[in-house]
Amino acid sequence: MRKIMSAVLVTAMAVSLAACSSAPAETEAPATTAAETEATEAEAPESTEAEAETEAAADGEQQEILVAAAASLQYVMEDALQPAFEEANPDIKLAFTFDSSGKLQTQIEEGADVDVFFSAATKQMNALDEEGLMDSDTIVDLLENKIALIVPAGSETGITGFEDITKAERIALGDPESVPVGQYSKEAFESLGMWEEVEAKTSFGTNVTEVLSWVAAGSADAGIVYLTDATTSDQFDQVEIVGYAPEGSVSKVIYPVGIGAASQKKDAAQKFVDFLGTEEAMAAFADYGFSANE
C-alpha cells in the first residue's frame, strides 16, 4: 500500500514540475521590471525645494516653520503676530523657540532645524552670516529697542539712573558672553568707567526674562532689561523704570531677522519675514514698545 501511495506522489510531483517548466517566460518579468524601475528612478532628477513646497500647498498640507527668536520678542510674537500671520496664511503654522540670542546662535551652529532667526543684536546674526548659516540676502535690520534700568516696585534704594546703580547691593544683568542685553549693559558701564564695580555686585542671568524676574521678585535691587520687557511682560507692574542708558554710552539696539541657509521651507519662511515688515506687524511691535529701525 505504501509503495502505491509513493508512486502516486512521485507521479503528481512530476506533473507539477512539468506544468511549471511549461509556464510562459513572463514570470521572470518582475525582476527585469524592478531593475528597469530602479534605473529609471536613479536617472530621475530630485524634486527641487520650491517644487516640494508647491506640491505641499497644492495638496492642502500645512507647513510648519520654526522661528528662533530673542526672549524679548516672546509676548509680541505669541500674542499678536502669530494669530495675525496664521489667519492670513492658513497653510503655514508657526512654531517658536525663545531664548537669548547667543544660545540660539549656538543651537543653529550645532545644526538646529531653524527656518527664521530673529536676534536681539546684530552680533549674533553677523556671526551666523559669516559662517554661511544664514541667507544673506534675506537679512533685515528690522527693529530698535532701548536699554532700561529697573528696580522692584516701591524700591527705596534711591537709584535714579545708570550712574548710581552701585547703590544696589545686588544687581542683575544678562550674561555678556551670550545675552545681548548683557553685552549692551557691559558696554554702557565700561563707557561710564563703572564696570568693575558693577560686576562685583552682579548676578548674571541666562536671558533677559530671567533678569526681569529676579528684579520683580526682589532677589535683585536693580537690573538692566529692554524697555519692551519692562513695559509689556506679565511682571511689568512689579518693576519700575528709573533710567535709560546715557546718550552715547551704548550702541544702537538693533533686532535683525533672516532666513536660515539650511531651511527646507524658504518660501514659507520668506512670507513670514515679509509679514514682519508690514504696517500691521509694525503697529503690533509699536504696541509692545519696539520702534522701526531707521
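To keep things clear, this report deals only with the structure shown in the data block. Sequence order sets the numbering: in each chain, residues are counted from 1 along the sequence as written. Confidence filtering applies because this is a predicted model: local features only for residues at pLDDT of at least 70, side-chain atom pairs given and counted only at 80 or more, and all residues used for totals across whole chains, interfaces and linings. Calculated side-chain values reflect all of the structure's heavy atoms, with hydrogen atoms and water omitted.

Some details on the sheet that holds strand β9 (residues 239-244)
With mixed pairing, the five strands of this open sheet are ordered in space as β7-β6-β8-β5-β9. For this open sheet the edge positions go to β7 (202-205) and β9, each flanked by a neighbour on one side alone. Strand-to-strand twist in this sheet, taken as the mean axis angle between neighbours without regard to direction, amounts to 35 degrees. Two elements, strand β5 (residues 147-152) and β9, share five bridges in a ladder whose sense is antiparallel. Bridge pairing in β9 links P152 to V239. Where helix α7 (residues 180-191) meets the sheet, it contacts β5, β6 (171-174) and β8 (222-226), and its direction lies at approximately 120 degrees from that of β8. What makes two residues a contact is simply this: any of their non-hydrogen atoms within 4.5 Å. Fitted lines through C-alpha atoms give the axes, limited to the stretch in contact for helices. The angle between two N-to-C directions lies from 0 to 180 degrees. Labels follow the DSSP assignment, with helices taken as runs of H or I lasting at least four residues and strands as runs of E lasting at least two, numbered in each case from the N terminus. Where helix α9 (residues 208-216) meets the sheet, its contacts fall on β5, β6, β7, β8 and β9, and the angle it forms with β8 comes to roughly 140 degrees. Pairing between strands requires that DSSP locate at least two bridges from one strand to the other.

As for a negative patch on the surface
Excluding any residue in a salt bridge, patches collect residues exceeding 30% relative accessible area, merging like charges within 9 Å and nonpolar Val, Leu, Ile, Met, Phe, Trp and Tyr side chains within 5 Å. Surface exposure here means Shrake-Rupley accessible area, sampled with a 1.4 Å probe, where a residue is shielded only by the protein chains that are shown. For salt bridges, the criterion is a side-chain nitrogen of Lys or Arg within 4 Å of an Asp or Glu carboxyl oxygen. As used throughout, the charge tally considers Lys and Arg to be positive and Asp and Glu to be negative, leaving His and the chain termini uncounted. Throughout, a charge is located at the NZ atom of Lys, the CZ atom of Arg, the CG atom of Asp or the CD atom of Glu. A contiguous patch of negative charge, built from E109, E110, E130 and E131, is present on the exposed surface. Tracing the chain through its elements places E109 in helix α5 (residues 101-109). Using a relative accessible area of 33% as the deciding quantity, one classes E109 as partly exposed. Buried residues are those whose accessible area, probed at 1.4 Å on protein chains only, stays under 20% of the maximum for their type, while exposed residues exceed 50% and partly exposed ones sit between those limits.

Structural notes on the environment of A284
The residue A284 is located in helix α12 (residues 279-287) in this model. By relative accessible area, which is 12% here, A284 ends up buried. In the structure, A284 is positioned 208 residues away from V76 in sequence and 7.1 Å away in space, judged by C-alpha atoms. Ignoring sequence-local partners within four residues, the contact set of A284 consists of V76, A80 and L81.

Some thoughts on the packing of aromatic side chains
Only Phe, Tyr and Trp rings take part, Trp by its six-membered ring, and two of them pair if their centres are within 6.5 Å. Stacked means planes under 30 degrees apart, edge-to-face means over 60, and tilted covers everything else. Within this structure, the stated rule accounts for nine aromatic pairs. With a centroid separation of 6.4 Å and 45 degrees between ring planes, the pair formed by W195 and F204 is classed as tilted. W195 sits in the buried class, given a relative accessible area of 10%. With a centroid separation of 5.7 Å and an interplanar angle of 65 degrees, the aromatic rings of Y226 and Y255 are classed as edge-to-face. You can see Y226 sitting in strand β8 and its partner Y255 sitting in strand β10 (residues 253-259), a full 29 residues away along the chain. With respect to class, Y226 is no different from Y255; both count as buried. Through successive ring pairs, a cluster of aromatic residues spans F118, Y226, Y255, F285 and F290.

A closer look at the pattern of salt bridges
Considering all chains together, one arrives at four salt bridges under this definition. For K266, the salt bridge identified is with D135, shortest N-O distance 3.2 Å. Taken together, the residues span a long stretch of sequence, with K266 in helix α11 (residues 266-276) and D135 in the loop between α6 (122-130) and β4 (140-145) at a distance of 131 residues. Two residues, E144 and K252, come together in a salt bridge whose shortest N-O distance is 4.0 Å. A residue pair is termed long-range when its members are at least 10 positions apart, and E144 in strand β4 and K252 in the loop between β9 and β10 qualify at 108 residues.

Concerning the sheet that holds β4
Within the open sheet, the six strands sit side by side as β2-β1-β3-β10-β4-β11. Their pairing is mixed. Of all strands in the sheet, those bounded by a partner on one side alone are β2 (92-99) and β11 (291-292). Sheet topology places strand β1 (residues 63-70) next to strand β3 (residues 116-118); three bridges connect them, and they run parallel. Opposite V67, over in β3, you have V116 as the bridge partner. On the sheet, α6 packs against β3, β4 and β10 and is oriented at approximately 30 degrees with respect to β10.

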